Amino acid sequence: MHDGDILRRFVFERFPVRGHLVHLDASWRALIEHHPYPEAIRTVLGEGVAATMLLAATVKFEGRLTLQVEGPGPMHLMVVQATHQMAVRGVARWTGEAPPGEAGIGALVGEGRMFVTVESEDRQSRYQGVVPLMGEGLAACFEAYFQQSEQLPTRLWLVATPQRAAGLLLQRLPSGATASAAEIEHSAEAGDEDWNRIVHLASTLTADELAGLPAEELLHRLFHEEDLRLFDPAPVYFQCACSRDRVSGILRSLGEVEVREILAERGEVEVRCEFCNRAWQYDAVDVTALFAPGEPAAGSRALQ
Ligand SMILES: [Zn+2]
């Protein structure tokens, strides 16, 4: 079976520990296709994408989940967004020279913070959590986030190459966890011993294995002595949420005077989506229609 762009959920049958494994291939390559990221930034963005998908898989939400990392830089901003249907998009911004090669998030972002926002489709409900960035890497930041927001011991392993972004998550659920009763029939308590053994086994995973092995082979390699139940794969894919409607909303919020100034200066108005690099063009006729009476007023639409 084709192994790319999938999320695999699994549970341990004899104690309440669950896991998710994500592989992003074509979706990851599409996400970086139009962006000439320096290697170090591309790697951290890929880890951020994998971690965001793992987080989206464990949190119950309908709408979108946004990871935002901010700091002094050189990489001063990274945004990754996932929908509950596992569509993902993301972008990183930097200034000046990015540190070469293997620089981790600490060297790239500096003393920054990581925000996780979960919003419903209509944006009526919103939850935000924030943790300080840690020099040890993005996985450690996510582990701190899980500890803070869900009070669940969680471990993550992340890797990104130009071809694939991948991640493994293990989470220790409360004993007799009702949320997962349907998944776990024998919800005996996960003792420290079980949890520590599982984490220890997962820690033997190399970056090459996480990036290279098919899901089933990888899980077999780690946990072949455990009772593991592996669920059917769910697809993940790259999809940008930009649309002409949304861009029109942004232009309306800028106001007619400013948009007409741009039009006069350049002959047309072009808005380029920073996630997918798609260009949205508006000529004089489009701009007139944009501000025609009867069109929704500025601010009445959700802005991206
Ligand atoms: Zn877009």
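Residues numbered from 1 in each chain as written. Predicted model: local features only at pLDDT ≥ 70, side-chain atom pairs only at ≥ 80, totals over all residues. Heavy atoms only, no water.

What to know about the overall build of the protein
So, point 1. Helix and strand counts for the protein stand at ten helices and 14 strands.
So, point 2. Viewed in the frame of its principal axes, the protein has a C-alpha envelope of about 70 × 40 × 40 Å.
So, point 3. Counting over 304 residues, the protein shows a buried share of 50%.
So, point 4. Expressed as a percentage of contacts within the protein between residues at least 6 apart in sequence, the contacts between residues at least 24 apart total 64%.
So, point 5. As displayed, the protein has an accessible area near 14,400 Å², and 49% of this comes from carbon and sulfur atoms.
So, point 6. One way to put it: in the protein the 27 positive side-chain charges average out to a point 4 Å from where the 43 negative ones average out. (Helix = DSSP H or I, 4+ residues; strand = E, 2+ residues; numbered from the N terminus. Buried < 20%, exposed > 50% of the residue type's maximum accessible area, 1.4 Å probe, protein only. Contact = heavy atoms within 4.5 Å. Areas by Shrake-Rupley, 256 points an atom, 1.4 Å probe, with all protein chains shown as cover. Lys, Arg positive; Asp, Glu negative; His and termini not counted. Charge placed at Lys NZ, Arg CZ, Asp CG, Glu CD.)

Comments concerning the pairing of strand β13 (residues 269-272)
So, point 1. Two elements, β13 and strand β14 (residues 279-282), share four bridges in a ladder whose sense is antiparallel. The partner of V269 across the bridge, within β14, is Y282.
So, point 2. In this antiparallel pair of consecutive strands, β13 and β14, the connection spans six residues, and N277 shows a positive phi of 70°. (Pairing = 2+ DSSP bridges.)

Regarding the coordination of the zinc ion
So, point 1. Listed as protein donors to the zinc ion are C240 (SG), C242 (SG), C273 (SG) and C276 (SG); their distances from the metal cover 2.2 to 2.3 Å.
So, point 2. Each of the four donor atoms around the zinc ion contributes to a set of angles spanning 102 to 117°, which defines the coordination as tetrahedral.
So, point 3. Motif for the zinc ion, donor spacing along one chain: C-x1-C-x30-C-x2-C. With C242 in the loop between β12 (237-238) and α8 (244-254) and C276 in the loop between β13 and β14, this pair connects stretches of sequence that are 34 residues apart.
So, point 4. With relative accessibility at 16%, the residue C276 sits in the buried group. (Donors = N, O, S within 2.8 Å, 3.2 Å for Na, K, Ca; no water. Tetrahedral: all angles 85-135°; square planar, octahedral: opposite > 155°, others 65-115°.)

Remarks on the sheet that holds strand β6 (residues 113-120)
So, point 1. An order of β7-β6-β3-β4-β5-β12 is seen for the six strands of this open sheet, with the pairing classed as mixed. Each edge of the open sheet carries a strand with a single partner, namely β7 (126-132) and β12.
So, point 2. In this structure, strand β3 (residues 63-70) lies alongside strand β4 (residues 75-83), joined through seven bridges in antiparallel fashion. Within the sheet, the bridge partner assigned to L67 lies in β4 and is V80.
So, point 3. In this fold helix α2 (residues 39-58) packs onto β3, β4, β5 (87-94) and β6, with an angle of close to 35° to the strand it touches most, β4. (Axes fitted to C-alpha atoms, helices over the stretch in contact; angles between N-to-C directions.)

Details of the side chain of R8
So, point 1. Looking at the element boundaries, R8 is found in strand β1 (residues 6-12).
So, point 2. For R8, a relative accessible area of 6% gives the class buried.
So, point 3. In this structure the side chain of R8 is engaged in a polar contact, spanning 3.1 Å, whose partner is the backbone oxygen of F231. (Polar contact = N/O pair within 3.5 Å; in protein donor to acceptor, adjacent residues only side chain to side chain.)

Side note on the nonpolar core
So, point 1. In this structure, L24, L45, M78, M114, F142 and L156 are the most contacted members of the largest nonpolar core, which totals 70 residues.
So, point 2. The element that contributes the greatest number of residues to this core is α2, accounting for eleven residues.
So, point 3. Other than its neighbours up to four places away in sequence, L45 contacts W28, L31, I32, Y37, M78, V80, G90, V91 and A92.
So, point 4. In terms of nonpolar packing, the next biggest core, distinct from the first, is built from 23 residues, V17, L21, L205 and L222 among them. (Core = buried A, V, L, I, M, F, W, Y, C linked by side-chain atoms within 4.5 Å.)

Considering helix α4 (residues 138-149)
So, point 1. The end-to-end C-alpha distance of α4 is 16 Å, a good match for the 16 Å that twelve residues give at a rise of 1.5 Å each.
So, point 2. Taken as a whole, α4 has its buried residues at L138, A139, A140, C141, F142, E143, Y145 and F146.
So, point 3. Where α4 ends, the next residue or the one after it, Q151, has phi of about 55°, a positive value. (Expected span 1.5 Å × (residues − 1).)

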